[in-house]
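Here is how the chains run, residue by residue.
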Amino acid sequence: SAVVTTWEIRLHVYDLAFKPDGSQLIIAAGLRVLVYDATDGSIIQPLKGHKDIVYCVAYAKDGKRFASGSADKSIIIWTSKLEGILKYTHNDSIQCVAYNPVTHQLASCSSGDFGLWSPEQKSVNKHKVSSKITCCGWTNDGQYLALGMMNGVVSIRNKNGEEKVKIERPGGSSSPIWSIAWNPSKDEHNDILAVADWGQKLSFYQLSGKQIGKDRTLTYDPCCVGYFSKGEYIVMGGSDKQASLYTKDGVRLGTIGEQNSWVWTCRVKPDSNFVVLGCQDGTIACYQLIFSTVHGLYKDRYAYRDSMTDVIVQHLITEQKVRIKCRELVKKIAIYRNRLAIQLPEKILIYELYSDDSSDMHYRVKEKICRKFECNLLVVCSQHIILCQEKRLQCLSFNSVREKEWVMESLIRYIKVIGGPPGREGLLVGLKNGAILKIFVDNPFPITLLKLTTSVRCLDMSASRNKLAVVDEHNTLLVYDIRSKELLFQEPNANSVAWNTQCEDMLCFSGNGYLNIKASNFPVHQQKMQGFMVGYNGSKIFCLHVYSMSAVEVPQSAPMYQYLERKMFKEAYQIACLGVTDSDWRDLATEALEGLDFETAKKAFIRIRDLRYLELINSIEERKKRGENDNDLFLADVYAYQGKFHEAARLYKRTGHESRALSMYTDLRMFDYAKEFVGVTDPKSSRMLMTKQADWAKSSKEPRAAAEMYLSAGEHLKAIDIIGEHGWADMLIDIARKLDKAEREPLAKCALHFKRLKHHGYASETYSKMGDLKALVHLHVETRHWEEAFSLVEKHPQFKNDVFVPYAQWLAENDRFEEAQKAFHKAGLQNEAVKVLEQLTQNAVVENRFNDAGYYYWMLSMQCLDIAKESEEQRGEMLKKFERFQHLAELYHVYRSIQRYTDEPFSSHMPDTLFNICRFLLNNLTKDIPPGISKVNTLYALAKQSRQLGAYKLARYAYEKLQELHIPSRFQESTELGSLTIRSKPFHDKEDLIEGMMCYRCSTNNPLLNNHGSVCINCRQPFIYCASSYDVLPLVQFYLEEDISDEDALSLIDLEVPHTDQRAARWQDIDNGDLQSLRMDEGLDDEEEDPFTAKMSFEQGGSNFVPVKVSRSVLRAMSRRDVLIKRWPRPLKWEYFRSLLPEVSITMCPTCFKMFHSEDYELLVLQHNCCPYCRRPIDEPN
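Just so we're clear, the structure is a prediction, and the values are computed from it rather than from any experiment.

## Thoughts on the overall build of the chain
Moving on, step 1. Counting its secondary structure elements, the chain contains 32 helices and 63 strands.
Moving on, step 2. Counting across all 1182 residues of the chain, residues that qualify as buried make up 49%.
Moving on, step 3. Look at the contacts in the chain between residues 6 or more apart in sequence, and 43% of them connect residues 24 or more apart.

Next up, the structure:
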């Protein structure tokens, strides 16, 4: 440490504080607070305000205000402009003050209490304590305040003053705490508190109160403890009348400065190495601490001091580091091969590596020399240590036996081990008087190498010990030949020098912020670099900047090119081996090849793995062995390989190998250059060139040119193949258009290429030109151009199957089943059409789309009818299928309504419609139940609707039936409730519901549910239902007698013989007062009745159904308005129905022949735009 300034004020100095920016120093001296300028030590102003001795001062972290506390029991707060702005008091003298670093809350402590005050508070919060407080300090985050007390206790409080942790020192009141400090480092994970007590101990604690490490024993009573700004060192002073420096772990490093009286206070200037102390006798001293670098380097291992007590060994190549903790001040370090020597205050430790591995970083202690040495320089060898003190060199064995001693004629300035066998190493020594000596450890006589006129700063010897580089005190680099003592060259501006350990002729030196590399006696190559250059190994330069050592990778390109310019290929190769880029290697290889140094070129090409050139070199070497020695010819080959064709051609011509030049040009297709080279004079060579050019065109490395040549030769097929292969469609269509349509083979080839290239328009044009309709149809089908395909089929029906079958398959693959089914139908593949429909139907049932299922079944039945019409042998089977599918279509059609009612929240049907539908379905589900239709849902819906409409008996029946079935859980509760509550209702159905089930043939009232199905229980006549409301329609089906054909029947009905007059005569009007009735005259004969009514009679009690058969006379008597005819296509017969209530308007769909009440039908058609059953659009012609 160096003293900067000292001044005396003849007043006790008890405390001092720096402004956080380091510009001012506040001193508590006597009754005053003195403010000094910290830069030059001049007093700015003494502040008066206290009436007794000022004991303590503290500056706020933001630098805006500071506080002072005095024996007059008061605290004054001052601004940075040195104005007092506030004063408050305690009941005792103030011992210490501290500002919170975050909130700027002020803690002030007296003998009996402590107070916390912040500017936003009106009063000071005071807290009593049991002992006198001597010191205090806040943690870095401002959350906790530590108080040191006379009774040996450290009390840690939170911001409100509540005690959180209590630390009791072992000595109690016999070791009062005199100073505490928190470590300000941001790198520590915990808050660390340093505690100095008058039990002469320094100890460290965590915020939790746990002690870190053991107590450090002091030899004096400490009065003050303080940290450096980054927390790396501690400064402490006290009764030993000096200030000492410690590591952050409490290891003493040395004395900062000695004084004549107790040191009461010491502080470190923020962010600097200046320490200020204040003493009992009024002395204030300011010291600047200078931390020198202690380090050592050997090849790629660098050892340096860290935190004053540790040594870090760094491997400069692998960047590995190892830390050796010495726990004492490290004074000197030396490193050599596998040895490391560390000098501590009282001993020297010698370490060795565990193994011989070049990257091993594990050191172990080999020897300890427990003696105190004074030396300027320390060097270690394999078996010795060398101590240098001014002019004297001492050689000690590791057992501390002094083996040799050399005394020089002048001060030793530089010393370096330059290797040698173990125990006989050589040292290079530079003296102040300019002498350079070589000393061997086992030889008592130094050897003088050189004598300079100026002092030596730095030395190094080349790898082969032939050359010596010296930097003198004038920063001049001098390089000598050791044998001849001749000065080889000198360079200015050098501060350090090193030879390359792997290359004899290269050295580098640093100076003035530049790194200089010198190869042989070429000019210096410069680049910028900060710091000192301390070693040069291969392409790595070791550079020391401030405290950090780094390996700088320097490509050796510059010196390599310097050698190349002089055509010194072997030397350039040596430099390249140290480390250059790939492109540098290529340059070296090419230059060596052109310089015909084949050996170097070969090595360089091997480096960059260039097989092409290696083959060339091999072939040249073979030719040389065979006795060829024409270097121009070799060079011509080299130029040809490098692409310098014209130079190659010139050399070939010069050596009389014109044919080589010609074949080179023709192989490269450089026909123009070849012609130029041959000239006009040689017709034979010209002809050869022409034939070669034609051959080349045929081998089609230039396909377009080749194709054009083929075309001009009329070789269309070859041209088309080349053009098609390369996909030049425009060229191809031009050819196709020019060809005659009789040339079918080339045209077909063109079309095939167009198809492959997906140029369908061109392909279509070509097929049309050829008139190949079948290929054209297949093209349209392949490309899915259906419209063009259909228009072709219209003109040429023979291709119907070629188009419709793939079309239908494509539709089916794209989930357009209904269209696919129609397409199969069109193509005449009825079975395929039926298959698609069956699949559709099955899907619809599985997916609960019962509406669609009904529709598909209806379509299936119509398909079966089509097949029956066309195929005799399948007719019987298909008609059965027709009946079954018609039946299923109706069942699924009605079940859709029930499914919607049970599964969806709203129903669009009226209750009576649902009631009719359920009954219709149950009447028809007598045998097996089709998949998807649920009897439970049907009975459930029937039970609900029956109850609503008053058919209580039927509702009971439905609930009873439900109990026998497996009911889903969602219906369970409502079913059980319904079957209970229905018992409170009467046990019969409403009259009008029963009347709705009257048979129009025999006028019998039928039950609401019927085991026989949808037929009358009396006459077995089937009921005809409205296909929307499922009411019974007033229709009776009748049949024709055998000899009457459908056409006859139609013409007879259309005759419509009028007999209205007779009928009027048959009725008698009876009006007797209030009763009015129409009565039939019983006297008339049977024949004159409506003949149809007569035919409706049947034999009572017969179990078989007797249909109504009519004769020609009956048909003649019918009115066209009252007859509905289902005109089924062959082989089915037409069905005839007679309306018994002509005023009830009934409409029949002309496609599916379903009957509807006319107003229902019209409404449904308006809603759906088609028949609700068969989905025939209303505008479609029947």
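Now, onward.
## Comments concerning the pairing of strand 5 (residues 43–47)
When a strand is regular, its side chains alternate between the sheet's two faces.
Moving on, step 1. The pairing of strand 4 (residues 32–37) with strand 5 spans four bridges and is antiparallel. Of the residues in strand 5, the one forming a bridge with Val35 is Gln45.
Moving on, step 2. In sequence, strand 4 turns back onto strand 5 through a hairpin of five residues, with Gly41 there showing a positive phi of about 80°.

## Section: the sheet that holds strand 29 (residues 295–298)
Moving on, step 1. A sheet is described by the order of its strands in space; here four strands give the open sequence 29-30-31-32, paired in antiparallel fashion. Looking at the sheet topology across the chains shown, the edges are occupied by strand 29 and strand 32 (321–325). Within this sheet the neighbouring strands show an average axis-to-axis angle of 15°, counted without direction.
Moving on, step 2. Judged from the four bridges that link them, strand 29 and strand 30 (residues 301–306) form a sheet pairing that is antiparallel. The residue bridging Tyr298 from the neighbouring strand is Arg301, located in strand 30.

## A look at the sheet that holds strand 51 (residues 514–519)
Moving on, step 1. Reading across the sheet, the four strands line up as 49-50-51-52 and stay open at both edges, with antiparallel pairing between neighbours. Sheet topology places strand 49 (496–499) and strand 52 (525–528) at the edges, where each strand pairs with a single neighbour. On average, adjacent strands in this sheet sit at an angle of 20° to one another, irrespective of strand direction.
Moving on, step 2. In terms of strand pairing, strand 50 (residues 506–511) meets strand 51 through six bridges, oriented antiparallel. Of the residues in strand 51, the one forming a bridge with Leu507 is Lys518.
Moving on, step 3. Relative to the sheet, helix 1 (residues 557–565) contacts strand 50, strand 51 and strand 52, its axis offset from that of strand 51 by approximately 30°.

## Here we look at the nonpolar core
Moving on, step 1. Core analysis: the biggest nonpolar cluster contains 82 residues, and Trp858, Tyr892, Phe915, Leu921 and Met1155 have the highest contact counts within it.
Moving on, step 2. Sort the elements by how many residues they give to this core and helix 21 (residues 850–870) lands first, with 13 residues.
Moving on, step 3. Not counting residues up to four positions away in its chain, the partners in contact with Tyr892 are Val845, Phe850, Ala853, Gly854, Tyr857, Pro930, Pro931 and Ile933.
Moving on, step 4. Counting residues in hydrophobic clusters, the runner-up holds 50 residues, among them Val311, Ala341, Val380 and Cys381.

## Structural notes on the packing of helix 5 (residues 611–625) against helix 6 (residues 631–642)
Moving on, step 1. Packing of helix 5 against helix 6 brings their axes to within 11 Å, and their N-to-C directions diverge by 165°. Overall, the two elements helix 5 and helix 6 adopt an arrangement that is roughly antiparallel. Helix-helix and strand crossings are classified by hand; for helix 5 and helix 6 the assignment is right-handed. Residue-level inspection shows Arg612, Tyr613, Leu616, Ile620, Arg623 and Lys624 of helix 5 in contact with helix 6, the latter providing Leu633, Phe634, Asp637, Val638, Tyr641 and Gln642.
Moving on, step 2. For the contact of helix 5 with helix 6, the class distribution of residues is seven nonpolar, one polar and four charged.

## What to know about the pattern of salt bridges
Moving on, step 1. Counted by the stated rule, this structure contains 29 salt bridges.
Moving on, step 2. In this structure, Lys416 engages Asp460 in a salt bridge whose closest nitrogen and oxygen atoms are separated by 2.9 Å. Highlighted residues: Lys416 in strand 41 (residues 412–417) and Asp460 in strand 45 (residues 456–461), separated in sequence by 44 residues.
Moving on, step 3. The class of Lys416 is partly exposed, set by a relative accessible area of 24%.
Moving on, step 4. Asp1046 is the salt-bridge partner of Arg1130, the closest N and O atoms lying 3.4 Å from each other. Residue Arg1130 is found in the loop between strand 60 (1123–1126) and strand 61 (1135–1139), and its partner Asp1046 is found in helix 28 (residues 1046–1055); the two are separated by 84 residues along the sequence.
Moving on, step 5. With relative accessibility at 46%, the residue Arg1130 sits in the partly exposed group.
Moving on, step 6. The exposure class assigned to Asp1046 is buried, which follows from its relative accessible area of 10%.
Moving on, step 7. Within the structure, one salt-bridge network assembled from shared partners comprises Arg169, Asp197 and Asp215.

## Quick notes on unusual backbone geometry
Moving on, step 1. A cis amide bond links Arg1130 to the next residue, Pro1131, at an omega of 0°.
Moving on, step 2. Mapped onto the fold, Pro1131 is located in the loop between strand 60 and strand 61.
Moving on, step 3. One non-glycine residue, Gln200, adopts positive backbone phi at about 60°.
Moving on, step 4. Position of Gln200 relative to the elements: it lies in the loop between strand 19 (192–197) and strand 20 (201–206).
Moving on, step 5. Assessed through its relative accessible area of 27%, Gln200 is described here as partly exposed.
Moving on, step 6. For Arg465, which is not a glycine, the phi torsion comes out positive at approximately 65°.
Moving on, step 7. Summarising the element assignment, Arg465 is placed in the loop between strand 45 and strand 46 (467–472).

What counts and what doesn't
Residues numbered from 1 in each chain as written. Predicted model: local features only at pLDDT ≥ 70, side-chain atom pairs only at ≥ 80, totals over all residues. Heavy atoms only, no water. Helix = DSSP H or I, 4+ residues; strand = E, 2+ residues; numbered from the N terminus. Buried < 20%, exposed > 50% of the residue type's maximum accessible area, 1.4 Å probe, protein only. Contact = heavy atoms within 4.5 Å. Pairing = 2+ DSSP bridges. Axes fitted to C-alpha atoms, helices over the stretch in contact; angles between N-to-C directions. Core = buried A, V, L, I, M, F, W, Y, C linked by side-chain atoms within 4.5 Å. Parallel < 35°, antiparallel > 145°, perpendicular 65-115°, else oblique. Left-handed = near helix turned anticlockwise from the far one by under 90°. Nonpolar A, V, L, I, M, F, W, Y, C, P; charged D, E, K, R; others polar. Salt bridge = Lys/Arg side-chain N within 4 Å of Asp/Glu carboxyl O.

The values are spatial; any link to function lies outside them.
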